[in-house]
Amino acid sequence: MKNNSEAAPLKSLDEWEDDVLRRYPDPESITDGKTVEEYRNYDNPERDTVKEFYRLNHTYQTYDFVLNKQAEFLKFDKKEMPIWEAYEFLNQLVDDSDPDTDLDQLQHLLQTSEAIRRDGHPDWMVLTGLLHDMGKVLCLFGEPQWAVVGDTFPVGCAHSDKIVYPEFFDQNPDSTNPAYNTKYGAYSPNCGLRNVNMSWGHDEYVYNMVKDYLPESGLYMLRYHSFYAQHREHAYDHLMDDHDREMFKWVKLFNPYDLYSKNPNPPDWKVLKPYYEDLVAKYLPATLKF
Ligand SMILES: [Fe+2]
Ligand SMILES: [Fe+2]
């Protein structure tokens, strides 16, 4: 791993998500006379740490880096535990900058899944909400923040200027490698995202962890939920096939539950517990491999 400040420029992983929310504000919260631009531009000291986070992410997430991380983590030989133990483990990722206002990771997952449940979506989608950030345990295995969170993007082909802070890709060795710096790079037109390597992080990791247990629509939500350059900006249509286009309707359906379900009131776990224990038992094995 790099030195400490490079491993963790953010005070908490939530700073990245707060920044995503500034870029893609809730349509309902910007109706009070503000424009999207005004909403985005408010002065916030978090901005500098987020910028540094993206500098590192865009510099170090190369094609080779991604293949190495896949080889290291998709063996799932680090730990084996029941999902409930995994949430306790995940909750060690507490935010030391502002412990009073930030909810722990399980609460974000429950707010997401409860918002999905309230809208009457199928139970596997509720479970998808509960699982979607489970991959952040990568931080607890010592991985730097820039290899756990952040908007994801394809590696092995040209970086779109629709990705946040595109200028930082100048420092990425792939951007001067003729094998990887053309529109299609290592890929072919409309080859389908299943043939495309994405930047490494919690999305790809959790997708692989549960890929045998959820319907494909849920798996797309897990795998591409941070791929804002596509599901919000349509920057990589040229790599998608018809099946991806069909499945991205689900990714788009999921995104507002992730971004806009955050609120300061923690869900009442005692009340919710029986429902979620049944839901997890219906779809998942007794333990998951990490
Ligand atoms: Fe996430
Ligand atoms: Fe999330």
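This write-up is about the structure you can find in this document.

**Here's the deal with the overall build of the chain**
Link 1 in the chain: A tally of helices and strands in the chain yields 13 helices and two strands.
Link 2 in the chain: For the chain, the proportion of its 290 residues judged to be buried stands at 54%.
Link 3 in the chain: Partitioning the contacts of the chain with sequence separation of at least 6, the portion at a separation of at least 24 is 79%.
Link 4 in the chain: As presented, the chain carries roughly 13000 Å² of accessible surface, and 48% of it is formed by carbon and sulfur atoms.

**Topic: the packing of aromatic side chains**
Link 1 in the chain: For the structure shown, the criterion picks out 25 aromatic pairs.
Link 2 in the chain: Judged by centre distance (5.2 Å) and plane angle (45°), the ring pair of Phe65 and Trp146 falls under tilted. Note that Phe65 is positioned in helix H5 (residues 63-73) and Trp146 in the loop between helix H8 (123-131) and helix H9 (202-210), a separation of 81 residues in sequence.
Link 3 in the chain: Looking at Phe65, the relative accessible area reads 15%, which means it is buried.
Link 4 in the chain: Trp146 sits in the buried class, given a relative accessible area of 3%.
Link 5 in the chain: Clustering of aromatic rings is evident, with ring pairs tying together Phe73, Phe76, Phe89, Phe141, Trp200 and Tyr205.
Link 6 in the chain: Over the ring of Phe73 we find Lys78; its NZ or CZ atom is 5.0 Å from the centre of that ring.
Link 7 in the chain: The positively charged end of Arg117 is found above the aromatic ring belonging to Tyr275, 3.7 Å away from the centroid.

**Points about the pattern of salt bridges**
Where side chains of opposite charge bring their charged atoms close, a pairing between them can arise.
Link 1 in the chain: Inspection of the entire model under this criterion finds 19 salt bridges.
Link 2 in the chain: For Arg55, the salt bridge is made with Glu52, and the minimal N-O distance between the two is 2.9 Å. Here Arg55 and its partner Glu52 are both found in helix H4 (residues 46-60), three residues apart, which amounts to about one turn of the helix.
Link 3 in the chain: Between Asp242 and Arg245 there is a salt bridge, with the nearest N and O atoms lying 3.0 Å from each other. On the criterion of helical spacing, the pair formed by Asp242 and Arg245 is a turn pair, its members being three residues apart in helix H12 (residues 242-260).
Link 4 in the chain: Look at Arg245 and you get partly exposed, because its relative accessible area is 38%.
Link 5 in the chain: Three or more residues joined by partner-sharing salt bridges are found here, namely Glu17, Asp133, Lys136 and Lys262.

**Comments concerning the coordination of the iron ion (ligand 1)**
Link 1 in the chain: Taken together, the protein ligands of the iron ion (ligand 1) are Asp133 (OD), His202 (NE2) and His225 (NE2), with distances of 2.0 to 2.1 Å.
Link 2 in the chain: Positions of the donor residues of the iron ion (ligand 1) along the chain correspond to the pattern D-x68-H-x22-H.
Link 3 in the chain: Taken as a pair, the iron ion (ligand 1) and the iron ion (ligand 2) show a spacing of 3.7 Å, with Asp133 coordinating each metal. Placement of the pair is Asp133 in the loop between H8 and H9 and His225 in the loop between helix H10 (216-224) and helix H11 (228-231), with a sequence separation of 92 residues.
Link 4 in the chain: By relative accessible area, Asp133 is classed as buried at 0%.

**Considering the coordination of the iron ion (ligand 2)**
Link 1 in the chain: The iron ion (ligand 2) binds to the protein through His108 (NE2), His132 (NE2), Asp133 (OD) and Asp258 (OD), with metal-donor distances spanning 2.2 to 2.3 Å.
Link 2 in the chain: Relative to the metal, the four donor atoms surrounding the iron ion (ligand 2) lie at angles of 88 to 175°, and the coordination shape comes out irregular.

**Details of helix H13 (residues 269-283)**
Since one α-helical turn is 3.6 residues long, residues separated by three or four positions face the same way.
Link 1 in the chain: An ideal rise of 1.5 Å per residue puts 21 Å on 15 residues; H13 measures up with 20 Å between its terminal C-alpha atoms.
Link 2 in the chain: Three or more residues of H13 are buried, namely Leu272, Tyr276, Leu279, Val280 and Tyr283.
Link 3 in the chain: Residues of H13 that are buried sit in contact with helix H6 (83-90), helix H7 (105-118) and H8.

**Regarding the side chain of Thr152**
Link 1 in the chain: Relative to the elements of secondary structure, Thr152 occurs in the loop between H8 and H9.
Link 2 in the chain: Judged by its relative accessible area of 5%, Thr152 is buried.
Link 3 in the chain: Non-local contacts of Thr152, meaning those with residues more than four positions away in its chain, are made with Met198, Ser199, Asp203, Ser226 and Phe227.

About the criteria used
- Residues numbered from 1 in each chain as written.
- Chains lettered and ligands numbered in written order.
- Predicted model: local features only at pLDDT ≥ 70, side-chain atom pairs only at ≥ 80, totals over all residues.
- Heavy atoms only, no water.
- Helix = DSSP H or I, 4+ residues; strand = E, 2+ residues; numbered from the N terminus.
- Buried < 20%, exposed > 50% of the residue type's maximum accessible area, 1.4 Å probe, protein only.
- Contact = heavy atoms within 4.5 Å.
- Areas by Shrake-Rupley, 256 points an atom, 1.4 Å probe, with all protein chains shown as cover.
- Phe/Tyr/Trp six-rings, centres within 6.5 Å; stacked < 30°, edge-to-face > 60°.
- Lys NZ or Arg CZ within 6 Å of the ring centre and 35° of its normal.
- Salt bridge = Lys/Arg side-chain N within 4 Å of Asp/Glu carboxyl O.
- Donors = N, O, S within 2.8 Å, 3.2 Å for Na, K, Ca; no water.
- Tetrahedral: all angles 85-135°; square planar, octahedral: opposite > 155°, others 65-115°.
- Expected span 1.5 Å × (residues − 1).

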